[in-house]
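Listed below are the residues making up each chain.
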Protein chains: 2
Amino acid sequence: MALTDTLETSHGTVVDTLKTARIYEHAASIINYDQETICPPKGMEEQGEVQAYLANQAFRLTKDEKFVAAAEDLYAHRDELDPLDKILAVNLHRSYMKTKNISADRNLEFSRIMNQSFVDWLNAKKKADFSIFRDSLSKVREVNLEDVSLREYDEGTGPKPSTAYDALLSDYEFGVTEKDLDAAFGAYLERMTPLLKEIRTRGKKIRTDFLSIEVTDEQQKKMADYLLDLIGFDKERGAFTTTEHPFTDNIGRNDARVTTHYYPKAFLSSMFSIIHEGGHALFMQLQPEADYDHFIDNMQTMGQHESVSRFYENRIGRSEAFIHQIYPKCCEIFPQVFEGVSEKEFYEAVNVAEPSLIRTEADEFTYTFHIIIRYELEKQIVNGGLAVDDRLPGLWNDMYEKYLGVRPANDREGILQDVHWASGFGYFPTYALGNMYNAMYYNRMKQDLDIDRIISEGCFDVLNGWMKDHVFAKGNRLAPKDWIRDITGRDFTPDDFLDYLEEKYTKLYEL
Amino acid sequence: MALTDTLETSHGTVVDTLKTARIYEHAASIINYDQETICPPKGMEEQGEVQAYLANQAFRLTKDEKFVAAAEDLYAHRDELDPLDKILAVNLHRSYMKTKNISADRNLEFSRIMNQSFVDWLNAKKKADFSIFRDSLSKVREVNLEDVSLREYDEGTGPKPSTAYDALLSDYEFGVTEKDLDAAFGAYLERMTPLLKEIRTRGKKIRTDFLSIEVTDEQQKKMADYLLDLIGFDKERGAFTTTEHPFTDNIGRNDARVTTHYYPKAFLSSMFSIIHEGGHALFMQLQPEADYDHFIDNMQTMGQHESVSRFYENRIGRSEAFIHQIYPKCCEIFPQVFEGVSEKEFYEAVNVAEPSLIRTEADEFTYTFHIIIRYELEKQIVNGGLAVDDRLPGLWNDMYEKYLGVRPANDREGILQDVHWASGFGYFPTYALGNMYNAMYYNRMKQDLDIDRIISEGCFDVLNGWMKDHVFAKGNRLAPKDWIRDITGRDFTPDDFLDYLEEKYTKLYEL
């Protein structure tokens, strides 16, 4: 489509600025990655300053008058643009409306409050004492509320969210609301609470003794390399290292990084975190090249991303077919573990459902309970029904007792276990949405592919090809609800996920 | 000392700019470190662009008119400044005179040529074919000559160097000239050539069979950790990782990073590279805090740095006393190697003198021959006595035959072995100067300390304390010749080093 000269100029200005912003963001990502993996303890503070400076430079660029005018010009003429440029123009307009009343200095101030909050959280967790984190958390809430109150809305951004929590949620899962979550989580609780009780009272006993046999780091590294190769992670376009808390970073077009952590007496931990993080990386590596060229890469929401990582980790990784595929290799790499352990016993062990205190160690079945608990609290904190004070840890513990039948002994294994609140509210529920999304597209995939056969034969090129065409193709281009409708032809529902859990766990526990 | 208001303003401008430049340099360093250690192959290009952009931003800041005016104001009033600010003012003036005629764009162009040259060198080395690198090398020479021709000189910079090579050399070893090197290397050749012949014809046979026994990475990692702790490397203010070609990076005030590489059948390689790189890191970690505050940290020359790294690697690391200290730990960590190997045999084996083709694998005795060969060639290339053409590899090989009695079979193990020429000329001889400097301060240290006793008892705090007070204290503040005079009270001479080699190797080989 030929653009007018003025529009061409605007487009040029936008692209030039975004190219430079991308350089700063790339540098900030590398520094963040470095801090998570290598940076020495006493070097963190200086490096934190460098990271904040670079991230703020990127923010400043998007506040530049010429850039804003050019971006708004594109937005005004969005229907004359190439479809991907139109998406970019809408994205830029949304960001503009969101941040137009926030100066670069104020933005830097927000970052500093979040940084301090992170330090306080670390300290509080170390000492298992919520009161050390309390005031910071309260400031984070204020920053979040101030941020939200400064936003503007119009036709392009969609209507003003009806609650502050909805506004925050839209940062991570555009178009999804409290109402959606309440409905989905309500359905989950209704169907899974009785099933959990069944499992605990009548479920068959599953053997797990071999899961804590000691293995070496070298064995675990070998396994991790094998799994990454198996699922199709491209090592020429990605890196793999170790860290304390595993994550995946999309550093650049050809640089998606997976990390893991080796526990000598819990080899499953690294195995499934590798498949999980590898899933994130596949989403990054297999997104359309054109999205990168049009500056709409990395637009996938958190829920979309978690849907993919959990698809690989749980739907694929904990399936009978996958265990069948990897069992021989497991016996070869970990002989001390698999002596006398059958394939069936291994499959059952990776699927044990057991209420526990720590989300990151939770199994596929009980995981969502953890999310719901924090969601219930943070929704009230943000919207004003609950104060940030010393009663919070007790409320937290009560909910664990109510939903999971376990009670944290201290704040470290209770309310302080996860870092997320240190950088704001609204992120957490996206973890649970992921499971619900992928259950829907798994059912769609079944119409096209004999999934179990493909997995048990290790044909990940076929599986990834389908994911690329159906799931990854529009991850940057559509908001989650539209995206899931595009993939499956159906509106979002938690039912596919709940049906799956019910079927799998009823069978597994012989109920 | 109270400054006038204008001078105070100038000082403020300079400090603000340098703070920002330091942020860019920090980020560029991290990215460079990442490329050397983790960045995936296909991510290198994008990351190279990011690195070049950030480095150029730092350069641009120092070209800013306001900054230049402020820096020149400080320089004009340097005698009114605090002594460390005076050093900074002189440094800035020298940089200014050196780069005032080079625009930021031209500077970026230079970086691009060097980057391309690096790629061509890699490719040429892979294919063992100098002709692939030839034209790039020729361009590097042109860039170096253009750079040098644009420099200006005055009282503050010192006189214009008499040759282009001297100008390049001054970038790495300020104040040292071809004349100094010719004299030092001439003395080396005169005394060491006959000694090498003696060793080869009449020297006793030294046992080395156990050096190639296979060990695991885990054993080597344990040894590396032990050695870094032993010599006093501060892990809270530094990191330790692996890479293809070991190096040390000074990332920030509290972040000095050491790398190593593990070869399964050459455990000595990592051990001594760890001590070498650890030495560099100690120089960084123990430099005066005030130097950092005054932006004169990282001003140590290459020769000064190599003197320290080789001091720890060779003067300390290959001494009888050090071997006595580490021998029990070596037996414990590498039992398969040290079964039936005595402490004396180990000492002798780490000191074998054997002419070889590859500099980085050369022993303490023959190392300097490698440096002299490249120095002789590059001096002529830069000053115009030798063309960059396909005759160079042959000349290289002839010199190896003449000085060391060995002849490379191809360009990979000949002229292409080292990367340095890909980024310019004048750096290489600093490697050899290091040995000569440290021999001088070792002799000075002997007057104060019972060095052998201190080392054999592992009291590195005492040793490092002396180094900090005498060697590290003025590393950023004095040019090498002044620095060595300040430490030892004597003018630079190669004699201490040559005496040391003669004594050590005559005894070792029982000549």
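Treat the numbers as computed from the prediction; the structure is a model and nothing was measured. (Residues numbered from 1 in each chain as written. Chains lettered and ligands numbered in written order. Predicted model: local features only at pLDDT ≥ 70, side-chain atom pairs only at ≥ 80, totals over all residues.)

A. Broad picture of the overall build of chain A. Helices and strands together make up the secondary structure of chain A, namely 22 helices and three strands. Rg of the C-alpha trace for chain A: 23 Å, near the compact-globule value of 24 Å for 511 residues, within the 12% margin. Seen through its principal axes, chain A has C-alpha atoms that stretch 70 × 55 × 45 Å. Across the 511 residues in chain A, those meeting the buried criterion constitute 43%. (Helix = DSSP H or I, 4+ residues; strand = E, 2+ residues; numbered from the N terminus. Rg over C-alpha atoms; globule rule 2.2 N^0.38 Å. Buried ≥ 20, exposed ≤ 12 C-beta atoms within 10 Å, placed from the backbone.)

B. Local environment of the nonpolar core. Of all hydrophobic cores here, the largest spans 102 residues; its most connected members are A:Leu168, A:Leu227, A:Leu228 and A:Ile231. Domain assignment of the residues forming this core places at least three in each of domain 1 (5-160) and domain 2 (180-508) of chain A. Ignoring any residue separated from it by four or fewer positions in sequence, one finds A:Ile231 in contact with A:Ile275, A:Gly278, A:Leu282, A:Tyr312 and A:Phe460. Listed in part, the 101 residues of the second largest apolar core include B:Ile323, B:Tyr367, B:Ile373 and B:Tyr441. (Core = buried A, V, L, I, M, F, W, Y, C linked by C-beta atoms within 7 Å. Domains from an automatic or database assignment. Contact = placed C-beta atoms within 7 Å.)

C. Structural view of the environment of B:Tyr431. Tracing the backbone shows B:Tyr431 in helix 18 (residues 430-448). Setting aside chain neighbours within four positions, we find B:Tyr431 in contact with B:Glu306 and B:Ile371.

D. Up close: the interface of chain A and chain B. Of the residues lining the interface, 29 residues belong to chain A; the matching set on chain B comes to 29 residues. Residue assignment for the side of chain A that touches chain B shows that the elements contributing at least two residues are helix 1 (5-37), helix 2 (44-63), strand 1 (238-242) and strand 2 (248-252) of chain A. If you tally residues by element for the side of chain A that touches chain B, the top one is helix 1 of chain A, at six residues. Its residues assigned to classes, the side of chain A that touches chain B shows 13 nonpolar, seven polar and nine charged. (Nonpolar A, V, L, I, M, F, W, Y, C, P; charged D, E, K, R; others polar.)

E. Expanded view of the relation of the copies chain A and chain B. Take chain A, turn it by 180°, move it 0.0 Å along the axis, and it overlays chain B with an RMSD of 0.0 Å. Here the symmetry operator amounts to a two-fold rotation axis. In terms of proximity to the rotation axis, the leading residue of chain A is A:Ala27, whose C-alpha is 3.3 Å off the axis. Of the residues that chain A buries at the interface, 100% are likewise interface residues in chain B, meaning the two copies contact each other through the same surface. (Least-squares fit on C-alpha atoms with pLDDT ≥ 70 in both.)

F. Representation of the domain arrangement of chain A in the model. All names here are of chain A. Domain boundaries assigned for chain A yield domain 1 (5-160) and domain 2 (180-508). Computed from C-alpha coordinates alone, the two centres of domain 1 and domain 2 are separated by 27 Å. Listed as interface residues are 29 residues of domain 1 and, on the opposing side, 32 residues of domain 2. Counting residues per element, the ones that place at least two in the side of domain 1 that touches domain 2 are helix 1, helix 4 (83-99), helix 5 (104-126) and helix 6 (131-149). Counting residues per element, the side of domain 1 that touches domain 2 draws most heavily on helix 6, which supplies eight residues.

G. Quick look at the packing of helix 1 (residues 5-37) of chain B against helix 3 (residues 65-76) of chain B. All names here are of chain B. Viewed as axis vectors pointing N to C, helix 1 and helix 3 meet at an angle of 125°, and their least axial separation amounts to 8 Å. The orientation of helix 1 with respect to helix 3, classified from their angle, is oblique. The two elements helix 1 and helix 3 meet at a crossing, and its hand is left-handed. Facing helix 1, whose interface residues are Leu7, Ser10, His11, Thr13, Val14 and Thr17, helix 3 presents Lys66, Phe67, Ala70, Ala71, Asp73 and Leu74. By residue class, the composition of the contact of helix 1 with helix 3 is six nonpolar, four polar and two charged. (Axes fitted to C-alpha atoms, helices over the stretch in contact; angles between N-to-C directions. Parallel < 35°, antiparallel > 145°, perpendicular 65-115°, else oblique. Left-handed = near helix turned anticlockwise from the far one by under 90°.)

H. Geometry of helix 8 (residues 178-202) of chain A. Residues and elements named next belong to chain A. Taking 1.5 Å as the rise per residue, helix 8 with 25 residues should run 36 Å; its terminal C-alpha atoms sit 35 Å apart, in good agreement. Helix geometry: helix 8 is bent most strongly at Met192, by close to 30°, with proline Pro194 lying one to four residues after it. Turning to helix 8, its buried residues are Leu181, Ala184, Phe185, Tyr188, Met192, Leu196 and Ile199. In this structure, the buried side of helix 8 is in contact with helix 16 (367-383), helix 18 (430-448) and helix 22 (495-508). (Expected span 1.5 Å × (residues − 1). Bend = angle between axes of the 7 residues up to and from the residue.)

I. The arrangement of the sheet that holds strand 3 (residues 255-260) of chain A in detail. All names here are of chain A. Read from one edge to the other, the open sheet built from three strands follows the order 1-3-2, with strand pairing classed as mixed. The open sheet has two edge strands, strand 1 and strand 2, and neither has a second partner. The average undirected angle you get between the axes of adjacent strands in this sheet is 20°. Strand direction decides the pairing type here: strand 2 and strand 3, joined by four bridges, are antiparallel. When the bridges of strand 3 are listed, Asp249 appears paired with Arg257. (Pairing = 2+ DSSP bridges.)

J. Representation of unusual backbone geometry within the structure. Residues and elements named next belong to chain A. Phi at Phe295 takes a positive value of approximately 60°, unusual for a residue other than glycine. Mapped onto the elements of the fold, Phe295 is located in the loop between helix 11 (289-293) and helix 12 (302-316). Residues other than glycine seldom take positive phi values, yet Asn298 does so here, at roughly 65°. Mapped onto the secondary structure, Asn298 falls in the loop between helix 11 and helix 12. Classification of Asn298 by C-beta neighbours within 10 Å gives partly exposed; the count is 15.

K. Representation of the packing of helix 7 (residues 164-172) of chain A against helix 16 of chain A. All names here are of chain A. At a minimum axis distance of 8 Å, the contact between helix 7 and helix 16 shows a crossing angle of 120°. Taken together, the axis directions place helix 7 and helix 16 in an arrangement best described as oblique. Facing helix 7, whose interface residues are Ala164, Tyr165 and Leu168, helix 16 presents Lys379, Val382 and Asn383. Residue composition of the contact of helix 7 with helix 16, grouped by class: four nonpolar, one polar and one charged.

L. Quick peek at the confidence of the model for chain A. For chain A, the mean per-residue pLDDT works out to 95, and 100% of the residues sit at or above 70. The complex prediction reports pTM at 0.90, with the ipTM value standing at 0.88. (pLDDT = per-residue confidence, 0-100.)

M. Examining the sheet that holds strand 1 (residues 238-242) of chain B more closely. All names here are of chain B. Spatial ordering of the open sheet is given by 1-3-2, a layout of three strands whose pairing is mixed. Of all strands in the sheet, those bounded by a partner on one side alone are strand 1 and strand 2 (248-252). For this sheet, the mean inter-axis angle between neighbouring strands, taken without regard to orientation, is 20°. Seen against the sheet, helix 10 (residues 267-285) touches strand 1, strand 2 and strand 3 (255-260) and runs at an angle of roughly 170° to strand 3.

N. Representation of the pairing of strand 3 of chain A within the structure. All names here are of chain A. Extensive coverage of strand 3 is indicated by the burial of six of its six residues. Of the two faces of strand 3, the one holding Asp255, Arg257 and Thr259 and the one holding Ala256, Val258 and Thr260 are both buried throughout. Bridge count between strand 1 and strand 3: five bridges; the pairing is parallel. In the sheet register, Thr242 faces strand 3, and the bridge partner there is Thr260.

O. Structural detail: helix 3 of chain B. Residues and elements named next belong to chain B. Between the first and last C-alpha of helix 3 there are 16 Å, a value that for 12 residues agrees with the 16 Å anticipated at 1.5 Å per step. For helix 3, every residue scored as buried is listed here: Phe67, Ala70, Ala71, Leu74 and Tyr75. Buried residues in helix 3, looked at end-on, bunch into an arc of 140°, giving them a common side. Away from its buried face by more than 90 degrees, helix 3 exposes Glu65, Lys66 and Ala69. Here the buried face of helix 3 lies against helix 1, helix 2 (44-63) and helix 4 (83-99). (Arc of directions from axis to C-beta.)

P. Quick peek at the environment of A:Tyr347. Here A:Tyr347 shows up in helix 15 (residues 343-349). Contact partners of A:Tyr347, with chain neighbours within four places excluded, come to A:Glu320 and A:Ile323.

Q. Region of interest: the environment of A:Gly43. Residue and element names in this part refer to chain A. Along the chain, Gly43 turns up in the loop between helix 1 and helix 2. Residue class for Gly43 comes out buried when judged on the 24 C-beta atoms lying within 10 Å of it. Sequence-wise, Gly43 and His305 are 262 residues apart; in three dimensions their C-alpha atoms are separated by 31 Å.

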